[in-house]
Amino acid sequence: MNQLNCVPLLAPLGQLLLERELVTAADLERALSLQGRMGTRIGSTLVRLGAISEDMLLPVLAEQLCLPLLGEEALPARAADYRNAIEQTGLSVPWFADNGVLLWEGAEGVFHCASRNPIDTNLQELVAVALPGRALSWHFARSRDVERLCKLYASPDDTGYSDDVAHLRELAEEAPVIELVNNLLAGAADERASDIHVEPEEHAFLVRYRIDGVLQTRAEFPRERFDAVASRIKLISGLDIGERRLPQDGRITVRAAGVEMDVRVSVIPQVHGESIVMRLLPKERKDFNLAKLGMEADHLQAFERWAKEPHGIVLVTGPTGSGKSTSLYAALAVANDRHSKIITVEDPVEYNMPGITQIQTHAEIGYTFGQALRAILRHDPDIIMIGEIRDLETAQIAVQSALTGHMVFSTLHTNDAISTFTRLTDMGVEPFLVASSVRAVEAQRLVRRLCEKCSTPAAPPAALADLLASLKQQFPTLFQTAPNFREAQGCSHCGHTGYRGRVGIYEFVEVSTRIQSAIMQRLPAHELVAMAREDGYRNLREDGLVKAWRGQTSVDEVMRVTGLSGEGEV
């Protein structure tokens with residue numbers, strides 16, 4: 001055992017986790033109850049329940065037991081280091097791999113053993129007997145590192161592919177597989193990820209988290225474990241384990257890292273297996289507040305006014321993942337005065353909101369947006385929210401609803417606000433109907449916030465001097481403070497990315513009488529932009545530069561999101 005200059009923590013692990021607010025008392029009580037029936041350790045039980053991730057658990061466990069926790073950089077990277085050490089034990093390579101043990105010889109003849117459970121007495125005794133008289137030093141290691149390095153030195157011949165559904169179901173029910181999937185979900189929740197990507201390759205499979213809109217690789221596992229992991233995800237999301245040729249969509253309700261969330265699962269066959277994406281949607285959202293979305297004062301005032309209009313259409317546009325749904329829910333929160341009947345039609349319903357009737361469409365049984373909308377118009381609504389205008393039928397019903405005294409909120413996929421009018425007419429809606437029904441359009445993107453702990457001052461961008469001077473002249477109230485341009489650095493707080501969290505950038509177009517006339521005449525987009533400019537319009541890049549001026553984000557991030565040619569200038 002290790003001879004370390006540290007004093008073991010005498011408090012039980014559960015108490016330590018509670019004191020550090022890593023688990024809740026309810027989760028701990030449930031884990032203790034399950035532990036007694038299953039005979040597992042409390043830490044492992046908490047991970048399996050999704051109450052905590054392994055990354056949060058192991059540092060506390062290592063401190064409690066005075067055993068070091070080795071990161072990836074501290075573990076040998078050569079397979080020969082492990083094989084040479086294993087040869088001296090007389091035990092087989094598969095035995096070490098099956099038990100998840102990394103063994104290598106260090107300085108002065110000390111043998112180092114790393115495992116995700118180095119306090120297993122049976123394991124300790126077997127290795128000690130195999131290496132009599134040799135100094136042993138035990139360490140904690142994360143599952144993803146153990147999996148990867150065991151694969152490195154074991155190089156098994158069995159590829160693990162199987163078409164046997166019964167066998168796949170058995171694999172999906174194995175404790176290590178259950179724990180791995182739960183740990184992926186809990187780890188993603190800990191890191192504020194919006195999506196988990198599980199991507200098989202020829203000899204491995206990767207796990208990547210989308211954090212603040214950017215994919216980051218978090219783990220790599222042996223390819224032969226993929227079928228079990230994929231089967232587990234498909235099993236709990238109600239998908240067909242045996243179907244590997246067609247795309248499938250499912251949904252899970254789980255508790256991960258102490259948070260209740262819905263997980264939307266998408267499985268698509270590809271060359272090396274099935275690519276899996278899980279979108280994480282926390283059930284409880286307390287940030288449906290327009291003031292928290294990052295809108296500037298003029299935009300915020302306009303959007304609040306639009307949300308309280310008695311009739312018409314307000315559209316929110318942008319690509320997938322740009323925060324459109326959050327903006328719509330925030331608008332509904334403003335409009336929900338408890339005196340209006342609010343009905344939403346969504347696919348799927350992302351967040352539950354009190355006081356609002358929310359309808360989930362089911363295209364597989366013919367319950368489409370169009371059918372749902374025709375039904376709710378007989379349900380005496382005041383305000384209607386349509387998850388997305390996807391086709392002419394939905395667009396026509398939205399227009400007719402607005403023209404008959406309803407307030408309609410919806411989303412549309414366009415690159416900027418001005419393109420919305422062209423998109424609707426291209427769908428087949430008559431220009432005069434677009435002009436008379438649409439009240440306003442808001443386009444948006446999300447840019448990453450600079451990390452408050454490590455960002456550093458940056459020189460004002462010389463190439464943007466003229467644009468900034470023009471913006472200061474047009475919007476003096478937004479540039480009252482001194483410039484505070486900053487740039488990303490990276491630290492442990494932000495995962496060495498330089499950014500933590502996101503904020504919205506927006507462009508607003510209100511349909512004035514002049515713009516109505518221009519839409520009916522099908523005038524080109526640049527003329528619409530010129531008219532909107534006179535009403536205080538600024539495009540996405542310009543709104544982003546306001547945030548960069550204040551030090552909320554960097555100029556590089558604004559350019560990354562809006563592109564090199566700018567947005568809205570056609």
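- In the annotation of an unreviewed UniProt entry, the entry for the chain reads GspE/PulE family protein, and the organism field reads Chitinimonas viridis.
- The annotation that UniProt attaches to the chain under Sequence similarities (unreviewed entry) is "Belongs to the GSP E family."

### Side note on the packing of aromatic side chains
In this description, a pair of aromatic rings is defined by centroid distance and the angle of the planes.
1) Next: Tallying each qualifying case throughout the model produces twelve aromatic pairs.
2) Next: Where Tyr506 meets Phe508, the ring centres are 6.3 Å apart and the plane angle is 85 degrees; that geometry is what we call edge-to-face.
3) Next: The exposure class of Tyr506 is buried, given its relative accessible area of 2%.
4) Next: Classification of Phe508 by relative accessible area gives buried; the value is 8%.
5) Next: Taking NZ or CZ as reference, Arg538 lies 4.8 Å from the ring centre of Phe475, over its face.

### Considerations on the sheet that holds strand S19 (residues 499-510)
1) Next: Spatial ordering of the open sheet is given by S13-S12-S14-S15-S11-S16-S19, a layout of seven strands whose pairing is mixed. Looking along the sheet, the strands with just one partner apiece sit at the ends: strand S13 (357-360) and S19. Averaged over all pairs of adjacent strands, the angle between their axes in this sheet comes to 20 degrees, without regard to strand direction.
2) Next: Contacts from helix H14 (residues 369-376) reach strand S12 (342-346), S13 and strand S14 (383-386) within the one sheet, and its direction differs from that of S12 by about 165 degrees.

### Things to note about the sheet that holds strand S4 (residues 136-141)
1) Next: Read across the open sheet, the four strands follow the order S1-S4-S3-S2; overall the sheet is mixed. Both outer strands of the open sheet, strand S1 (69-70) and strand S2 (102-105), are each paired with one neighbouring strand and no more.
2) Next: The pairing of strand S3 (residues 111-115) with S4 spans five bridges and is parallel. Note that in S4 the partner of Cys113 across the bridge is Trp138.
3) Next: The sheet contacts of helix H8 (residues 143-154) involve S2, S3 and S4, and relative to S2 the element is tilted by about 70 degrees.

### Quick word on helix H12 (residues 297-307)
In an α-helix there are 3.6 residues to a turn, and that puts residues three or four apart on one side.
1) Next: Regarding H12, the residues found buried are His299, Leu300, Ala302, Phe303, Trp306 and Ala307. Seen from one end, H12 has its buried residues packed into an arc of 165 degrees, which puts them on one side. Away from its buried face, by an angle of more than 90 degrees, H12 presents the exposed residues Ala297 and Gln301.
2) Next: Against the buried residues of H12 lie strand S11 (312-317), helix H13 (324-335), strand S15 (407-412), strand S16 (438-450), S19 and helix H21 (540-550).

### Overview of the packing of helix H5 (residues 79-87) against H8
1) Next: H8 packs onto H5 with a crossing angle of 75 degrees between their chain directions and a minimal axis gap of 8 Å. With respect to their mutual orientation, H5 and H8 come out roughly perpendicular. Residues Ala79, Tyr82, Arg83 and Ile86 of H5 form the contact with H8, whose participating residues are Leu149, Leu152 and Tyr153.
2) Next: Its residues assigned to classes, the contact of H5 with H8 shows six nonpolar, no polar and one charged.

What counts, and at which threshold
- Residues numbered from 1 in each chain as written.
- Predicted model: local features only at pLDDT ≥ 70, side-chain atom pairs only at ≥ 80, totals over all residues.
- Heavy atoms only, no water.
- UniProt positions renumbered as here; feature names shortened; annotations may be inferred.
- Phe/Tyr/Trp six-rings, centres within 6.5 Å; stacked < 30°, edge-to-face > 60°.
- Buried < 20%, exposed > 50% of the residue type's maximum accessible area, 1.4 Å probe, protein only.
- Lys NZ or Arg CZ within 6 Å of the ring centre and 35° of its normal.
- Pairing = 2+ DSSP bridges.
- Helix = DSSP H or I, 4+ residues; strand = E, 2+ residues; numbered from the N terminus.
- Axes fitted to C-alpha atoms, helices over the stretch in contact; angles between N-to-C directions.
- Contact = heavy atoms within 4.5 Å.
- Arc of directions from axis to C-beta.
- Parallel < 35°, antiparallel > 145°, perpendicular 65-115°, else oblique.
- Nonpolar A, V, L, I, M, F, W, Y, C, P; charged D, E, K, R; others polar.

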